[in-house]
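# Observations on chain architecture
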Number of protein chains: 4
Amino acid sequence: MLAFENDYSEGAHEKVLQRLLETNLEQLPGYGADHYCESAKEKIKEACGCPDADVQFIVGGTQTNQIVISSMLKPCEGVIAAETGHVSTHEAGAIECTGHKVLTLPHEAGKIGADVLDDWLHSFYEDENHEHMVFPGMVYISHPTEYGTLYTKGELAELSAVCSQYGIPLYLDGARLGYGLAAEETDVTLKDVAEYCDVFYIGGTKVGALCGEAVVFTKENMPLHFMTMVKQRGALLAKGRLLGIQFDALFTDDLYSEISRNAIVTADRLKQVLKEKGYEFYIDSPTNQIFVTLENEKMEQLKQNVVFSFWEKKDEDHTVVRFATSWATRMEDVEKLAALL
Amino acid sequence: MLAFENDYSEGAHEKVLQRLLETNLEQLPGYGADHYCESAKEKIKEACGCPDADVQFIVGGTQTNQIVISSMLKPCEGVIAAETGHVSTHEAGAIECTGHKVLTLPHEAGKIGADVLDDWLHSFYEDENHEHMVFPGMVYISHPTEYGTLYTKGELAELSAVCSQYGIPLYLDGARLGYGLAAEETDVTLKDVAEYCDVFYIGGTKVGALCGEAVVFTKENMPLHFMTMVKQRGALLAKGRLLGIQFDALFTDDLYSEISRNAIVTADRLKQVLKEKGYEFYIDSPTNQIFVTLENEKMEQLKQNVVFSFWEKKDEDHTVVRFATSWATRMEDVEKLAALL
Amino acid sequence: MLAFENDYSEGAHEKVLQRLLETNLEQLPGYGADHYCESAKEKIKEACGCPDADVQFIVGGTQTNQIVISSMLKPCEGVIAAETGHVSTHEAGAIECTGHKVLTLPHEAGKIGADVLDDWLHSFYEDENHEHMVFPGMVYISHPTEYGTLYTKGELAELSAVCSQYGIPLYLDGARLGYGLAAEETDVTLKDVAEYCDVFYIGGTKVGALCGEAVVFTKENMPLHFMTMVKQRGALLAKGRLLGIQFDALFTDDLYSEISRNAIVTADRLKQVLKEKGYEFYIDSPTNQIFVTLENEKMEQLKQNVVFSFWEKKDEDHTVVRFATSWATRMEDVEKLAALL
Amino acid sequence: MLAFENDYSEGAHEKVLQRLLETNLEQLPGYGADHYCESAKEKIKEACGCPDADVQFIVGGTQTNQIVISSMLKPCEGVIAAETGHVSTHEAGAIECTGHKVLTLPHEAGKIGADVLDDWLHSFYEDENHEHMVFPGMVYISHPTEYGTLYTKGELAELSAVCSQYGIPLYLDGARLGYGLAAEETDVTLKDVAEYCDVFYIGGTKVGALCGEAVVFTKENMPLHFMTMVKQRGALLAKGRLLGIQFDALFTDDLYSEISRNAIVTADRLKQVLKEKGYEFYIDSPTNQIFVTLENEKMEQLKQNVVFSFWEKKDEDHTVVRFATSWATRMEDVEKLAALL
């Protein structure tokens, strides 16, 4: 079977695994106090161009969203997200579980427009009843979005400006950040992300690690006792080394960028093939997720040899599906898929 | 430096790591739906003598306690624990964070007596005001306890009987279960644990894995939608394989028991040395944690070459410290420590 | 000033207050164990035609919603509501505060259609990813709705059937139930509400009481230890008599129905005047809330003598406002308002 | 039957009820924005000698504790209380329900000693593992305590100093504050309470009101959006007037102090009788709660004519019981009880 179902089908990049192997019997302090965590943090801060950042490692994405959001919101605040945002739709209520509402805005290809945000915030504070409502305490965006789309540098700057005006932090979910930064057509760098966002995370799970996300607080704004809040949410690893060593490897010799590019190169090739063969794209995504409309018959036929994701029914005869590439996708598999399309 | 600080200073047992390496590029479904998870579950059920058990893998111990307890309690219930219980003292309020109180009982060497439990439950229901109080909804014990002590089979049976009488589940925290089962003097087997407990977990983090705990529901009592609750607490790994492959390795050819024995053998040797040299034991622990009273001068001297844990001040001149062995402890290091004592 | 701002501008109906006065120095047991609570419960059960119902008194509406919903949902479940539902918009996140998501459906004049509900539930369970999503655990409707509209008996029956099919309870927020039952054009009786809903509450705060709502569990489905959950949410009154005596008065000699009719009669007169004078209705509401579009100039002029609620901007020159009548509205005030319109 | 069971057996003081009656049909804005709330706040601030205080009215005591504590604590903090503190024992886990642990200290007659507190806080921060524990974020005391005992002015000053040193607020639960201030032997005034505490509440429910507690933030430290948090916890009354009018009456012409004295005078007479008749006091309480040890035979005999509270079994033949007086206790009833003793 050819696997294009998602970007977490394999284990870790070989260099990452290699480092785990090499360091395995080294005796290290627990809970992230080891020197690999320290080294990884330094490398990430440098890559972000943000020497004063605070970097923390957390095991998974939903967990990271839950902890960052709940530790930064005040009790009566909620987090603003696109109605398609991962925190709103596919995290089993992890945010509400911490007592906070997800306040949803209409999206455009998975993105929140700065003007839509501004209007909403303006209306909120204008409403005479707003003290009976959930206060907006943070803006959550994903980049790439759940549709694989990307904000431009200008759009991030505008969102950041609106957030600043209302005194609420901008948080970027970078579960697939590597693929966003590696996209051909983006003008956004990691340094831009660090500049425009108050907090964001660099996804490891979907970009070469067995697990792990690196949260970056960029404005000397890490909540007091953050480590204790991580523990309280059950997310503090005894062997914090597992995350530190992996991120240290990913941020050595630009490995994170390099392996991210593989997802883009293979996705671009796949898109080229799809375009040539006349497939209809559901959305124009510049990253590693490709959404196309298939005739149901074709879809069933492909399923014999390929694993991919159902996205949604288009009509009686057509279905939108998703093909995802990753750091691990082999071009030869793309060509095999191309042959089947 | 000789490391006797805890039982999570190294990475994973080499056979565990080896399996991660061998399977690394295999493309597998996410979220624990892979065949390694399946295989590991089967092996664990067999080891427990409990073919109808439900087994689930969770990343860490505090997380496991939080999820098991909060998913099994009703809203107005709390969990009973020894006042020294990990959930009560060292989990940063992870249980309360889910809305539930930890109801503490006096302990004896870290253990709850069945009679103490029975008396407390009896008094609770006799109290006319009990509807204004937190209802007892579960009993939490750790085995080995935080002091390295062990319940006997008879004690487990008695606790189980009291719990049954009051209709509340008995939950055993097995963060160090391997070391408990491998102790020379125990009469408790894994099958006994499965028989007497309604739910328990087999610790991986402290017994040979990079991370991971295996929760076992023994009485067809796994809460409905448990996986969704795991997700909601941020604990569902995209690469569930990471846990499945490790536990599959640990439960192949009895590896879990075998490596657990190393901790016991090395601890026993260390205890023998300490006894011979006239050190005073703070508590009589049959597992891998050894608590002794040191003269402060001796303690400072040892610190030059050995890492160990401060436990508590005894008096002005003496301190209780903990030495821990593990699956990874080398006998040669014990002998080196012996020479220094 | 003429007060048409809301239906809680006055204290309590004189007969209710009279009973509080008469019973004031009677020494009664606390926490709702007094005979007035008992008597009120019996009268309510009879009025509902539901002798096996469990009735509980709670101080306020948001509190009632919070406690009923959180005590009936399982941890990974959310409550379905219209996107205009009070629990979704104007309760400051009281539901999310208990860890549960409000799952919103599109509304029609504040109502949820049985077909819309059915489609949503069907799609939810069809979605392969639904284990990563919040499970629907209850349906919340308000009757009258936030727009003053009413379900028909047939619509309630259909909603009830869909809920039954999916095994989730139907909960009706009756903050203004009296006004709904007293409406000219409704075919819904209190007995119908009790038949079709699994749980609902009869609003006192907006219908003649100082405070208080009566929750009715109709299907022997009151959660175990409900009183303790009420206490845990801070909602158990030491002087439970305050609620019992008021509801006992409201359900003596049909007082609740009688005073509800006053709101309808005065609202109907006001609607007649508005119609005659050519005002445009924003929505066709058969109860005590009247939504009309005013020219801004007219609105400002009215404000000199009348208190009413801003609802929303219609366009640059027009505004939707709400006039509310209540059990306490005097017809002479309606006529005065009529003269000003 | 003679009622000495508790201090909430009657409704409201006649002057309080009278004001509710007189103002009943006045049309007032909702949610505490009425002029009676305003007036009551001013009177309370003056009585406290604290013109900059923020005063808020909440319906009940457990609710007040829950909201004050949860709105002032950060996510990883708990509240310190005596192990006998109401928040720890008899509030059905209302604090834990908001995600926060109650950290208990040993008590002396219901009180926390400043030295005990200081030692605990010192040890906490000295513990190397304290980042894995719940941080102390507030100190909760009750005055009078659950045993009817009182802090001296000096003791409050010392507690306040320790709290200041560690940067955590001191919160005083004044459910029975009136009775504490009216005690013969106290040197604590309301102004002292306002000076030494960062936040406290003046109990209405047990001192002459139908319901209601007045929270006083004394150090310009009311949490931002406090009203929204009150709403979010379901505690915001639509008819906020109910609380404002009652407290306005209670703080007019020193009514609160005057009616509190009645409880003390009647309790003192009862204590005198008990002393004369040779009864053994369980604890020496200077307020309205009297704890005595009765022979079981005597207890059963008294039960024929008197309602009082069971406190605890002393031994096979003796029981500790509580007699409570209140603002409503009539001296003639005390004399009747005296005759029966």
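Note that this is a predicted model, so its numbers are computed, not measured.

Once that is clear, we can look at the interface of chain B and chain A. Taken together, the contact pairs 43 residues of chain B with 43 residues of chain A. The junction of chain B with chain A conceals about 3,900 Å² of combined surface from both sides, 57% of it contributed by carbon and sulfur atoms. Considering only the surface of chain B that becomes buried against chain A, Tyr8(B), Gln27(B) and Lys239(B) emerge as the three largest contributors, covering 18% of it. The tally of links between chain B and chain A comes to 24 residue pairs in polar contact (both at pLDDT 80 or more). Mapped onto the side of chain B that touches chain A, the elements with two or more residues apiece are α1 (14-22), α3 (61-72), α9 (226-232) and α10 (241-250) of chain B. In terms of residue class, the side of chain B that touches chain A is made up of 22 nonpolar, 14 polar and seven charged.

When chain D is fitted to chain A, the best match, at an RMSD of 0.0 Å, comes from turning it 180 degrees and sliding it 0.0 Å along the axis. This pairing of chains is accounted for by a two-fold axis. When the interface residues of chain D are mapped onto chain A, 100% of them are again interface residues, pointing to one common binding face.

The next thing to look at is the side chain of Glu213(B). Residue and element names in this part refer to chain B. Tracing the chain through its elements places Glu213 in strand β8 (residues 213-217). In terms of polar contacts, Glu213 uses its side chain to reach the backbone amide nitrogen of Gly204, at 3.2 Å. Looking at Glu213, its side chain comes within polar contact range of the side chain of Thr205, at 2.5 Å.

What follows concerns the interface of chain D and chain A. Facing 16 residues of chain D, the contacting portion of chain A comprises 16 residues. Both sides of the chain D and chain A interface together cover about 1,700 Å² of buried area, and 64% of this is carbon and sulfur. Between chain D and chain A we count zero salt bridges in total. Run the count over chain D and chain A and you get six residue pairs in polar contact (both at pLDDT 80 or more). With five residues, the top contributor of residues to the side of chain D that touches chain A is helix α9 (residues 226-232) of chain D.

What follows covers the pattern of salt bridges. A side chain of one charge can pair with a side chain of the opposite charge if their charged atoms are brought near each other. All names here are of chain B. The final tally for this structure, using the stated rule, is 56 salt bridges over all chains. Among the ionic pairs, Arg176 bridges to Asp7, the shortest N-O distance being 2.6 Å. With Arg176 in the loop between β6 (170-174) and α7 (177-182) and Asp7 in the loop between β1 (2-3) and α1, this pair connects stretches of sequence that are 169 residues apart. There is no split in this pair, since Arg176 and Asp7 are both buried. One salt bridge connects Lys336 with Asp333, and the closest N-O pair in it is separated by 3.9 Å. Of this pair, Lys336 and Asp333 both sit in helix α13 (residues 331-340), separated by three residues, roughly a single helical turn.

Pairing between the strands of a sheet comes from backbone hydrogen bonds, and it takes one of two forms, parallel or antiparallel. A sheet is described by the order of its strands in space; here four strands give the open sequence β9-β10-β13-β12 (chain B), paired in antiparallel fashion. Each of the sheet's edge strands pairs with one partner strand only, and the pair in question is β9 (280-281) and β12 (309-313) of chain B.

Residues and elements named next belong to chain A. One can find Cys37 in helix α2 (residues 35-48). Overall, Cys37 belongs to the buried group, its relative accessible area being 3%. Cys37 sits 209 residues away from Gln246 along the chain, and the two C-alpha atoms are 9.0 Å apart. Leave out the neighbours within four places in its chain, and Cys37 touches Gly32, Phe57, Gly240, Arg241 and Gly244.

This paragraph deals with the environment of Ala92(D). The residue Ala92(D) is located in the loop between α4 (86-89) and β4 (102-105) in this model. The exposure class assigned to Ala92(D) is buried, which follows from its relative accessible area of 1%. Taking the C-alpha atoms as reference, Ala92(D) lies 37 Å from Leu25(D); in sequence the two are 67 residues apart. The contacts of Ala92(D), once residues within four sequence positions are left out, are His132(B), Met133(B), Val134(B), Thr228(C), Lys231(C) and Gln232(C).

Two measures define how a pair of helices packs: the angle their axes make with one another and the distance between the axes. Residues and elements named next belong to chain C. Axis separation between helix α2 (residues 35-48) and helix α10 (residues 241-250) bottoms out at 8 Å; the angle between their running directions is 40 degrees. Classified by the angle between their axes, α2 and α10 sit oblique to one another. The chirality of how α2 crosses α10 is left-handed. Facing α2, whose interface residues are Tyr36, Cys37, Ser39, Ala40, Lys43 and Ile44, α10 presents Gly244, Ile245, Phe247 and Asp248. The class makeup of the residues in the contact of α2 with α10 is six nonpolar, two polar and two charged.

This part is about the pairing of strand β5 (residues 135-142) of chain B. Residue and element names in this part refer to chain B. Counting buried positions over the eight residues of β5 gives eight, a clear majority of the element. Examined bridge by bridge, strand β3 (residues 77-82) and β5 share four bridges and lie parallel to one another. Within the sheet, the bridge partner assigned to Glu77 lies in β5 and is Phe135. In this sheet, β6 lies alongside β5 in parallel orientation, the contact comprising four bridges. Bridged to Ser142 within β6 is Asp173. In this fold, the crossover linking β5 to β6 by way of helix α6 (residues 153-166) has right-handed handedness.

Looking now at unusual backbone geometry. For the bond running from His143(B) to Pro144(B), omega is -10 degrees, close enough to zero to count as cis. Considering the arrangement of structural elements, one finds Pro144(B) in the loop between β5 and α6. For Ala92(D), which is not glycine, the phi torsion reads 55 degrees and is therefore positive.

With that settled, the discussion passes to the UniProt feature "domain: Aromatic amino acid beta-eliminating lyase/threonine aldolase" (unreviewed entry) in chain A. The residues that UniProt annotates with the feature "domain: Aromatic amino acid beta-eliminating lyase/threonine aldolase" (unreviewed entry) are residues 30-241 of chain A. A distance of 7 Å separates the end C-alpha atoms of residues 30-241 of chain A, which is 37% helix and 18% strand.

Time to look at the side chain of Ser309(D). All names here are of chain D. Its location among the elements puts Ser309 in strand β12 (residues 309-313). Judged by relative accessible area, which is 14%, Ser309 ranks as buried. A polar atom in the side chain of Ser309 sits 2.9 Å from the backbone oxygen of Glu5.

Within the sequence span of helix α1 (residues 14-22) of chain D, burial applies to Val16(D), Leu17(D) and Leu20(D). For α1(D), the arc enclosing every buried residue in end-on projection is 95 degrees, short of the 170-degree limit, so these residues lie on one face. If you follow the buried residues of α1(D), they end up packed against α1 (14-22) of chain C together with α10 (241-250) and α11 (255-276) of chain D.

So, how was this worked out
Residues numbered from 1 in each chain as written. Chains lettered and ligands numbered in written order. Predicted model: local features only at pLDDT ≥ 70, side-chain atom pairs only at ≥ 80, totals over all residues. Heavy atoms only, no water. Contact = heavy atoms within 4.5 Å. Buried area = accessible area lost by both parts, 1.4 Å probe. Polar contact = N/O pair within 3.5 Å; in protein donor to acceptor, adjacent residues only side chain to side chain. Helix = DSSP H or I, 4+ residues; strand = E, 2+ residues; numbered from the N terminus. Nonpolar A, V, L, I, M, F, W, Y, C, P; charged D, E, K, R; others polar. Least-squares fit on C-alpha atoms with pLDDT ≥ 70 in both. Salt bridge = Lys/Arg side-chain N within 4 Å of Asp/Glu carboxyl O. Buried < 20%, exposed > 50% of the residue type's maximum accessible area, 1.4 Å probe, protein only. Pairing = 2+ DSSP bridges. Axes fitted to C-alpha atoms, helices over the stretch in contact; angles between N-to-C directions. Parallel < 35°, antiparallel > 145°, perpendicular 65-115°, else oblique. Left-handed = near helix turned anticlockwise from the far one by under 90°. Right-handed = clockwise from strand over helix to strand, strands pointing away. UniProt positions renumbered as here; feature names shortened; annotations may be inferred. Arc of directions from axis to C-beta.

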